[in-house]
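Chain by chain, the residues:
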Amino acid sequence: MESNGVTKPTWASRPSHQPKRRHRIPLSCDPCRARKLRCNREKPCQNCITRNEQSSCRFRGANNGTTPTRRDGGDEMKNRIDHLEDLVKRLIAERKNGLAENTPHTPESSIPDDNKALQGAQSHASEVACAGTTMIDGTRSVYRGGDEWYDVLEEINTLKQTWTETQDEIADEVVRSAPSHIADGSSLLFGQVKPLERIEIVSTLPPKHQVDKLIALFFDTEKFQISVPPILHIPTFMREYNEHWKDPSRTNFIWLGLLFSILGLTMLSFHQFGEPPEYEGISESLFQLYRIRTAQCLLNGDIAKCLPYTIETLRFNATAELNRKDDNRRGLWIMTGVIVRAAINMGYHRDPSHSPSISPFQAEYRRRVWMSVIIMDDMASFLGGFPRTGSTLFSDTMEPRNIHDWELSEGTTSLPPSRPLEEPTATTYIIAKTRLFRAIGRIADFNNTPTVITYDTVREIDQALYDAYEQFPSHLKVHMEGNIIPLGNAAEVSRFSLCSMYHRAMCTLHRKFMAKGLLDSRFKLSHDRCLSSAMTLLDYQVALEPSWYKSSLTRQVLTLAAMILFLELELARRFNNPDASRSIDILQILERSCDLWRHAKDSYEEAGRVYDIIVRMIASFRSESATTSAHALDLQGFSSPFTAFDSVDRSLEKETLDVDIDWTTWDAFIQDTELQDGPIY
């Protein structure tokens, strides 16, 4: 039967004398009909599975929940839209072919020539500069390539989607396909979570008076102990927050995801740094729940639609992943790659000054967001040992200005001048961190380069890393008061983490050249830098409360520092280093570290496992009966990272220069991969 050009699917076709639509057999299950939820018509359906009510999932009619199929073809309007879409696609293809055909090909042009390439680049510089632009249409931020036919095609796709949704609302018999749970870009990041209906997601929120307290704590930079990038304008967010509570059913999914990401970070801070009485024993499970809800909001909202707060939500979610107690560096690196591409899709990689539609207020916060994304890319690549995403893309986005948040408002027409870094503002930390991680990211690239690189490259990276650290303002450097490092507020924790990352980067950059620096002056820099940073990290350990050992990042960096000092003791013993006092000092540092691990093991089991290994390794250097280091360090299945030397027909100097480490075994231990079996949220 056809009406107004609408053809019903074959499974719904009936002779003209059949009863009217009001007598049709419902296709949704009884529980979904009662709750007025969209049913995916599977047996049992997704909603009943989520509620663990599979036995109650009953359908009326003979099909009993089987999903009917839709007939291909459709109505005349849909056919016309499809024809128009094909026409535009052909026009795009013809335009590309025309450009290719109009390009003159001469024998000279086929020969690579740097001068010709340079001249060509200069002659078309203006065309390239305006090839892409960031457009803000009041709701979305989209990076467009400048081809108007793509805009037309986008409008056609929107029209198709709107028409399909309209027909689905009119004809209830037309069943929407079930959500796909294939691990694509976004669902892969969040463990292939299943999307939920809006009413179920909103119902997860605590009462408003509880959320008010959690939001206030999140924005309290003096008390909140997880470092969060300053990418939200608090007055703007609070205005939108109050609007949300007036009618939660109208709030878009991406903003809901932002809210859940904030709640998740707050619960994570409770779990790691102390739970208030009202959240005692439940903060970890709530963090898990809010993290899943954030993912479901991002899936329902679709990160490819370029809606406001998409990148901010992804970035906060990545902050939660970074601060989880279990080792998830590989997943964090994959997640960061998607965040970078989503940011590029919204034009964050181009400085907002190129787009007149972006206000100065929006421009400044876009710069902050982009810097936070690049920092996460550098950090995730460095921690995971993978190449960076950002190193291969072009970006001209400038640094955000070092200005106070109270200097910015939605009505700002011009930005105030940037203040000196010695004056702390909300952005001082992210500016210094960006400069540091720009150098740290080069270490990730260096360690993933397949070609041979000279030691000069190591010196260049070392200088860039050292300069970035030396340029820190004084309030961002760790100042030890005796053996005490104050860690009472978020600012102190942030600068402690930043300085720790600098020393970890120094150890990572130079550790492979450390042994060669004993006798060869060319590598002395690596030996000194590596040893100094390792000792500093173990000095920092004194300031850590037992709760810090829950984090895999803490365990990794402290274990790395200890292993470097053990390597120094081993090399001194092998080559009969006359500086015995230095070895004694190193042993004392290791014994102090071991004692701190012992105190931490009472509150965290994994700390006890590390303690057992370190205490036995210390005993091997204290024992006079140890004959060989390989025998002394072969402890409880831990294969010593020190490889045996070929001592036949080699001089001491040559032997020293050929010292190498089994870095695969070393990294397996340093990265805690065998020791860690914590929960995966």
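A quick note: this is a predicted structure, and the numbers were derived from the prediction, not measured. (Residues numbered from 1 in each chain as written. Predicted model: local features only at pLDDT ≥ 70, side-chain atom pairs only at ≥ 80, totals over all residues. Heavy atoms only, no water.)

**Thoughts on the overall build of the protein**
Going by this rule: For helices the rule is a DSSP run of H or I covering at least 4 residues; for strands it is a run of E covering at least 2, with both sets numbered from the N terminus onward. Burial classes follow relative accessibility: with a 1.4 Å probe on protein chains only, a residue under 20% of its type's maximum area counts as buried, one over 50% as exposed, and anything between as partly exposed. It only takes one pair of heavy atoms within 4.5 Å for two residues to be counted as in contact. Only the protein chains shown count as covering a residue, and every accessible area follows the Shrake-Rupley method with a 1.4 Å probe.
Along the protein, the regular secondary structure elements total 25 helices and four strands. Classification of the 681 residues of the protein by burial places 46% in the buried group. Long-range pairs, those at least 24 residues apart, make up 72% of the contacts in the protein between residues at least 6 apart in sequence. As displayed, the protein offers around 34,300 Å² of accessible surface, 52% of which is attributable to carbon and sulfur atoms.

**Brief notes about the packing of helix α15 (residues 360-384) against helix α16 (residues 428-447)**
Basically, it comes down to this: Here an angle of 0 to 180 degrees is reported between the N-to-C directions of two axes, which are lines fitted to C-alpha atoms, with helices fitted over the stretch in contact. Handedness of a helix crossing follows the sense of rotation of the near helix relative to the far helix, less than a right angle counterclockwise being left-handed and clockwise being right-handed. In the scheme used here, Gly and all other residues not listed as nonpolar or charged are polar, with Ala, Val, Leu, Ile, Met, Phe, Trp, Tyr, Cys and Pro taken as nonpolar and Asp, Glu, Lys and Arg as charged.
With their axes 8 Å apart at the nearest point, α15 and α16 run at an angle of 35° to one another. Like other packed secondary-structure pairs, α15 and α16 cross with a definite hand, here left-handed. Taken together, the residues of α16 that come into contact with α15 (itself represented by Arg 368, Met 371, Ser 372, Ile 375, Asp 378, Met 379, Ser 381 and Phe 382) are Ile 430, Lys 433, Thr 434, Phe 437, Arg 438, Ile 440, Gly 441, Ile 443 and Ala 444. Classifying every residue of the contact of α15 with α16 by side-chain character gives nine nonpolar, four polar and four charged.

**Considerations on the packing of aromatic side chains**
What counts is decided by this rule: Only rings of Phe, Tyr and Trp enter the pairing, Trp through its six-membered ring, and a pair is recorded when the two centres are within 6.5 Å. The plane angle decides the type: under 30 degrees is stacked, over 60 is edge-to-face, the rest tilted. Note on criteria: charge over ring means Lys NZ or Arg CZ within 6 Å of the ring centre, with the direction from the centre no more than 35 degrees off the ring normal.
This model, assessed by the stated rule, comprises 21 aromatic pairs. Between the aromatic rings of Phe 496 and Trp 548, the centroid separation amounts to 5.6 Å while the plane-to-plane angle is 80°, which identifies the pairing as edge-to-face. A residue pair is termed long-range when its members are at least 10 positions apart, and Phe 496 in helix α18 (residues 490-510) and Trp 548 in the loop between α19 (524-540) and α20 (552-574) qualify at 52 residues. When sorted by exposure, Phe 496 lands in the same class as Trp 548, which is buried. Put simply, the rings of Phe 218, Phe 219, Phe 224, Phe 237, Tyr 241, Trp 245, Trp 255 and Phe 316 pair up and form one aromatic cluster. If you follow Arg 368 out to its NZ or CZ, it ends over the ring of Tyr 365, 4.6 Å from the centre. For the cation-ring pair, Lys 516 lies above Phe 523, with the distance from its terminal atom to the ring centre recorded as 5.9 Å.

**Describing the pattern of salt bridges**
Note the cut-off: Salt bridge, as used here: a side-chain nitrogen of Lys or Arg that lies within 4 Å of a carboxyl oxygen of Asp or Glu.
For the coordinates displayed, the defined rule picks out 21 salt bridges. A salt bridge links Arg 291 to Glu 321, with the nearest nitrogen and oxygen atoms 2.3 Å apart. Remark: Glu 321 occurs in helix α13 (residues 310-323) and Arg 291 occurs in helix α12 (residues 283-301); sequence separation between them is 30 residues. Residue classification places Glu 321 among the buried positions, given a relative accessible area of 4%. Across the salt bridge formed by Arg 388 and Asp 378, the nearest N and O atoms sit 3.2 Å from each other. With Arg 388 in the loop between α15 and α16 and Asp 378 in helix α15, this pair connects stretches of sequence that are 10 residues apart. Each of the two residues, Arg 388 as well as Asp 378, counts as buried. Several salt bridges converge on common partners, so that one network encompasses Asp 351, Glu 364 and Arg 367.

**Details of the state of the cysteines**
As a reminder of what qualifies: We call a pair of cysteine sulfur atoms a disulfide whenever their separation is within 2.5 Å.
With the rule as written, the count across this model stands at zero disulfides. Its sulfur unpaired, Cys 39 is 3.9 Å from the next cysteine sulfur, which belongs to Cys 45. We note that Cys 57 lacks a disulfide partner, and the nearest cysteine sulfur, in Cys 48, lies 3.8 Å from it. Relative accessible area serves as the criterion here: at 0%, Cys 57 is assigned to the buried category.

**Here we look at the packing of α13 against helix α14 (residues 329-345)**
Packed helices, taken two at a time, are described by the angle between their axes plus the distance between the axes. This is how it is decided: Convention used here: angles under 35 degrees read as roughly parallel, angles over 145 as roughly antiparallel, angles from 65 to 115 as roughly perpendicular, and any remaining angle as oblique.
At a minimum axis distance of 10 Å, the contact between α13 and α14 shows a crossing angle of 165°. Classified by the angle between their axes, α13 and α14 sit roughly antiparallel to one another. By crossing handedness, the relation of α13 to α14 is classed as left-handed. Listed contacts from α14 to Ile 311, Leu 314, Arg 315, Asn 317, Ala 318, Glu 321 and Leu 322 of α13 are Leu 332, Met 335, Ile 339, Ala 342 and Ala 343.

**Observations concerning the confidence of the model for the protein**
Note the following rule: pLDDT is a residue-level measure of predictor confidence that goes from 0 to 100.
Counting all residues, the mean pLDDT for the protein is 74, and 67% of those residues have values of 70 or more. Low pLDDT (under 50) marks residues 1-22, which in the prediction has 28 contacts with non-local residues, meaning those over four places away or in another chain. Long-range and interchain partners of residues 145-151, a stretch whose pLDDT sits below 50, account for 12 contacts in this model, where long-range means more than four residues apart.

**Details of the UniProt feature "domain: Zn(2)-C6 fungal-type" (unreviewed entry) in the protein**
The condition that has to hold: UniProt positions are given in the numbering used here, feature names are shortened, and annotations may be inferred rather than shown by experiment.
UniProt records the feature "domain: Zn(2)-C6 fungal-type" (unreviewed entry) for residues 28-59 in the present numbering. As annotated, residues 28-59 comprises 34% helix and 0% strand, and the C-alpha atoms at either end are separated by 7 Å.

**Section: the environment of Ala 439**
Mapped onto the elements of the fold, Ala 439 is located in helix α16. With 30 residues separating them in the primary sequence, Ala 439 and Tyr 469 have C-alpha atoms 9.9 Å apart.

**Side note on unusual backbone geometry**
The linkage connecting Lys 43 with the following residue, Pro 44, adopts the cis geometry, with an omega of -5°. Looking at the element boundaries, Pro 44 is found in the loop between α1 (30-35) and α2 (46-50). With phi around 65°, Cys 306 is a residue other than glycine that occupies positive phi space. Relative to the assigned elements, Cys 306 resides in the loop between α12 and α13. One non-glycine residue, Tyr 309, adopts positive backbone phi at about 70°. In this fold, Tyr 309 is placed in the loop between α12 and α13.

**A short note on the side chain of Arg 504**
The following threshold applies: Any N or O atom pair separated by 3.5 Å or less is treated as a polar contact, with the protein-specific requirement of one donor-capable and one acceptor-capable atom, and with residues adjacent in sequence counted only for side-chain atom pairs.
Along the chain, the position of Arg 504 falls in helix α18. A distance of 3.5 Å separates polar atoms of two side chains, one belonging to Arg 504 and the other to Gln 556. In this structure Arg 504 touches Arg 329, Phe 382, Leu 383, Leu 537, Leu 553, Gln 556, Val 557 and Leu 560, once residues within four positions along its chain are discounted.

**Description of the nonpolar core**
Where we set the bar: Working definition of a nonpolar core: buried Ala, Val, Leu, Ile, Met, Phe, Trp, Tyr and Cys residues. They are joined through side-chain atoms within 4.5 Å. How far each domain reaches was decided by an automatic or database domain assignment.
One finds Phe 237, Ile 311, Leu 465, Phe 566 and Leu 590 to be the most contacted residues of the largest nonpolar core, which totals 138 residues. Per-element accounting of this core gives the leading share, 13 residues, to helix α11 (residues 253-273). Taken domain by domain, this core gets at least three of its residues from each of domain 2 (198-434) and domain 3 (451-629). In this structure Ile 311 touches Ile 339, Ala 342, Ala 343, Met 346, Tyr 348, Val 369 and Val 373, once residues within four positions along its chain are discounted. Cys 29, Leu 37, Cys 39 and Cys 57 belong to the second largest nonpolar core, which has eight residues in total.

**Remarks on α11**
Defined as follows: One fewer than the residue count of a helix, multiplied by 1.5 Å, yields its expected span.
For α11, with 21 residues, the first-to-last C-alpha span of 30 Å sits near the 30 Å given by 1.5 Å per residue. Here α11 lies mainly inside the structure; 20 of its 21 residues are buried. The distance from a side-chain oxygen at the start of α11 to the backbone nitrogen of Ile 254 is 3.0 Å, and the residue carrying that oxygen is Asn 252.

**With respect to the environment of Tyr 540**
Here Tyr 540 lies in helix α19. When the C-alpha positions of Tyr 540 and Leu 558 are compared, they lie 9.3 Å apart, and in sequence the two are 18 residues distant. When residues no more than four places from it in sequence are discounted, the contact partners of Tyr 540 are Val 478, Ile 485, Phe 496, Cys 499, Ser 500 and His 503.

**What to know about the environment of Glu 570**
Summarising the element assignment, Glu 570 is placed in helix α20. Take Glu 570: its relative accessible area is 1%, and that puts it in the buried class. Counting along the chain gives 13 residues from Glu 570 to Ser 583, while the straight-line C-alpha distance between them is 9.7 Å.

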